[in-house]
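Chain and residue survey
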Amino acid sequence: MLHFLAVVLNSGGGVVRDAKTDEIRIEELGEFESKELAIDNACAQLNCEHITKGVIVRDDHTGGFMVCDTQEFAEL
């Protein structure tokens, strides 16, 4: 099982950072056996739609999230 996160994206697709700490903003998703399961859960939990390669967008297209495991997140 891998631990997954959802990196917050702005409406232009850029990574959102905290204004005070400059850290990348994330939502914890939990542990899943596959990225596909993590994406499905993130879509339900965050009320989003999967568009491609782990990128999910809000219904109103005002931003979204990039689903990644902790190893992928460390590479950001």
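This is a predicted model, so every value here is computed, not measured. (Residues numbered from 1 in each chain as written. Predicted model: local features only at pLDDT ≥ 70, side-chain atom pairs only at ≥ 80, totals over all residues. Heavy atoms only, no water.)

Thoughts on the pairing of strand S4 (residues 55-58)
Walk down a regular strand and you will see the side chains alternate between the two sheet faces. The following threshold applies: When DSSP locates at least two bridges between a pair of strands, those strands are taken to pair. Numbered from the N terminus, helices here are DSSP runs of H or I no shorter than four residues, and strands are runs of E no shorter than two.
Bridge count for strand S3 (residues 48-52) against S4 is four bridges, and the pairing is antiparallel. By the bridge assignment, threonine 52 is partnered in S4 with valine 55. Hairpin connection from S3 to S4: two residues lie between these consecutive antiparallel strands, with lysine 53 at a positive phi of about 45°. Remark: five residues form the turn of the hairpin made by S4 and strand S5 (residues 64-69), two consecutive strands paired antiparallel; histidine 61 in that turn has positive phi of roughly 55°.

Regarding the nonpolar core
Put simply, the test is: Side-chain atoms within 4.5 Å are what join buried Ala, Val, Leu, Ile, Met, Phe, Trp, Tyr and Cys residues into a set we call a nonpolar core. Partly exposed describes any residue whose relative accessible area lies between the buried limit of under 20% and the exposed limit of over 50%, with all areas from a 1.4 Å probe on protein chains only and scaled to the type maximum. Whether two residues are in contact is decided by their heavy atoms, any of which lying within 4.5 Å being enough.
Of all hydrophobic cores here, the largest spans 15 residues; its most connected members are Phe4, Leu29, Ala42, Leu46, Ile56, Phe65 and Val67. Secondary structure elements with two or more residues in this core: strand S1 (2-9), strand S2 (26-32), helix H1 (35-46) and S5. Per element, the largest residue contribution to this core is five residues, and it comes from H1. Beyond its immediate stretch of four places on either side in the chain, phenylalanine 65 contacts Ala6, Val7, Val8, Leu9, Glu27, Leu46, Cys48, Gly54, Val55, Ile56 and Arg58.

Some thoughts on the pattern of salt bridges
As a reminder of what qualifies: Salt bridges are identified by distance alone: a Lys or Arg side-chain nitrogen within 4 Å of an Asp or Glu carboxyl oxygen.
Applying the stated criterion across every chain, the model contains one salt bridge. Its salt-bridge partner being lysine 35, residue glutamate 72 comes within 3.4 Å of it at the nearest N-O pair. Of the two residues, glutamate 72 sits in helix H2 (residues 70-75) while lysine 35 sits in helix H1, which places them 37 residues apart along the sequence. For glutamate 72, a relative accessible area of 30% translates into the label partly exposed.

Quick look at the state of the cysteines
To keep it simple, the criterion reads: When the sulfur atoms of two cysteines come within 2.5 Å, that pair is taken as a disulfide.
Per the counting criterion, the structure on display carries zero disulfides. Here cysteine 43 is not disulfide-linked; the sulfur of cysteine 48 is the nearest cysteine sulfur, at 6.5 Å. We classify cysteine 43 as buried; its relative accessible area is 15%.

Details of the sheet that holds S5
So the rule is basically this: The convention used is that axes are lines fitted to C-alpha atoms, helices contributing only their stretch in contact, and that angles between N-to-C directions extend from 0 to 180 degrees.
Read across the open sheet, the five strands follow the order S2-S1-S5-S4-S3; overall the sheet is antiparallel. The outermost strands of the open sheet, each flanked by one partner alone, are S2 and S3. Neighbouring strand axes in the sheet, compared pairwise and without regard to direction, differ in orientation by 30° on average. Inspection of the sheet shows S1 paired to S5 by six bridges, in the antiparallel sense. Paired with valine 8 across the bridge in S5 is phenylalanine 65.

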